[in-house]
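Summary of structural features
As a plain string of letters, each chain reads:
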Amino acid sequence: MDFSEDQIRRYARHIILPEVGGIGQARLLGAKVLVIGAGGLGSPLILYLAAAGIGTIGVVDDDEVDLTNLQRQVLHSTERIGWPKVESAKAAVASINPDVTLVPHKLRLDAANAQDLVAGYDIVADGSDNFPTRFLVNDACHLAGKTLVSAAVLRFDGQLATFKAGGPCYRCLYSAPPPDDDVPSCAQAGVLGAMAGVMGSLQATEVLKEILGIGDSLSGHLLIIDALSTTIRKLRLPADPACALCGKAPTIHDLSAHGSTVHVCG
């Protein structure tokens with residue numbers, strides 16, 4: 001594609017990277033990424049995707065900006081308290097990069113709409129903070145053959161993984177959602193705001209790598225970060241032959257087992 005003078009200046013630090021160049025930047029501008037949640041993880045993720053020039057960013061979130069969000073959800077501002085998060089995200093992206101179109105999906109993600117939403121994008125990034133939504137997104141992406149980059153954060157800890165067609169899926173890591181009371185939410189256990197920024201930024205990096213086709217994919221691995229001890233571990237995540245979704249004899253062929261799911265993005 002032909003870049004304008006403003007685009008050449010805006011993306012100069014990308015274009016001079018041999019791994020990106022003009023061809024890679026054009027690929028970013030033509031890409032469509034669906035982000036689940038405009039919260040603690042979605043905030044830095046959306047900001048960096050917009051700054052990188054991702055042409056279309058879809059954002060799924062049915063919540064509104066609250067004062068308690070602002071400790072970590074850097075996409076939003078005090079002036080936009082009470083706004084739908086997707087509209088706040090749209091305003092933030094417009095102020096960063098006019099090349100980017102943000103498509104707001106102000107809705108609850110459920111079995112009835114997940115498949116159609118996922119089908120309209122090249123890659124999906126999950127920033128939700130509850131297990132039912134994570135399983136729903138994983139299943140929808142696997143069935144649609146879409147790459148999923150999934151991040152999680154709680155207290156001072158974070159996890160990051162990429163799930164691709166032909167590789168292990170989220171159900172290879174966790175076969176089923178745990179009981180509701182087993183894992184506390186961010187509202188119950190807390191989260192270091194800067195840690196959400198770390199994980200969301202790493203998530204954006206993996207999304208960009210997948211679109212550009214550069215570096216080593218995180219597929220087949222799990223990245224675990226402990227901020228208190230400043231340790232990073234990269235573990236192998238093998239495919240589970242008994243996985244109900246991607247195993248040798250899968251039993252999940254659609255999303256009918258999922259009920260109404262609300263994503264809560266801390």
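Residues numbered from 1 in each chain as written. Predicted model: local features only at pLDDT ≥ 70, side-chain atom pairs only at ≥ 80, totals over all residues. Heavy atoms only, no water.

1. Side note on the nonpolar core
Counting residues in hydrophobic clusters, the biggest one holds 42 residues, and the most contacted among them are Val33, Ile46, Leu49, Ile54, Ile57, Val207 and Ile211. Elements with a contribution of two residues or more to this core: β1 (32–36), α4 (42–52), β2 (56–60), α5 (85–96), β4 (123–126), β5 (147–154), α10 (193–212) and β7 (221–226). If one sorts the elements of this core by residue count, α10 sits on top with 8 residues. Ala114, Leu136, Val137 and Phe163 belong to the second largest nonpolar core, which has 22 residues in total. (Core = buried A, V, L, I, M, F, W, Y, C linked by side-chain atoms within 4.5 Å. Buried < 20%, exposed > 50% of the residue type's maximum accessible area, 1.4 Å probe, protein only. Helix = DSSP H or I, 4+ residues; strand = E, 2+ residues; numbered from the N terminus.)

2. Comments concerning the side chain of Arg171
Tracing the sequence through the fold places Arg171 in helix α8 (residues 170–173). Residue classification places Arg171 among the buried residues on the basis of a relative accessible area of 11%. Here the side chain of Arg171 touches Asp139 through a polar contact of 2.8 Å, side chain to side chain. The contacts of Arg171, once residues within four sequence positions are left out, are Phe135, Asn138, Asp139, Cys243, Leu245, Ile252 and His258. (Polar contact = N/O pair within 3.5 Å; in protein donor to acceptor, adjacent residues only side chain to side chain. Contact = heavy atoms within 4.5 Å.)

3. Focus: unusual backbone geometry
If you check the backbone angles, Arg155 has positive phi at about 55° while not being a glycine. Within the secondary structure, Arg155 sits in the loop between β5 and β6 (157–163). Residue Arg155 is classed as partly exposed on the basis of its relative accessible area of 43%.

4. Section: the pattern of salt bridges
The tally for this structure, following the rule as stated, stands at 6 salt bridges. Arg108 serves as the salt-bridge partner of Asp62, at 3.3 Å between the closest nitrogen and oxygen. Taken as a pair, Asp62 in the loop between β2 and α5 and Arg108 in the loop between β3 (101–105) and α6 (114–119) lie far apart in primary sequence, 46 residues in all. Residue Arg108 is classed as partly exposed on the basis of its relative accessible area of 48%. Measuring nitrogen to oxygen at the nearest pair gives 3.1 Å for the salt bridge that ties Lys164 to Glu210. Of this pair, Lys164 sits in the loop between β6 and α8 while Glu210 sits in helix α10, placing them 46 residues apart in sequence. Glu210 gets classed as buried once you look at its relative accessible area, which sits at 18%. (Salt bridge = Lys/Arg side-chain N within 4 Å of Asp/Glu carboxyl O.)

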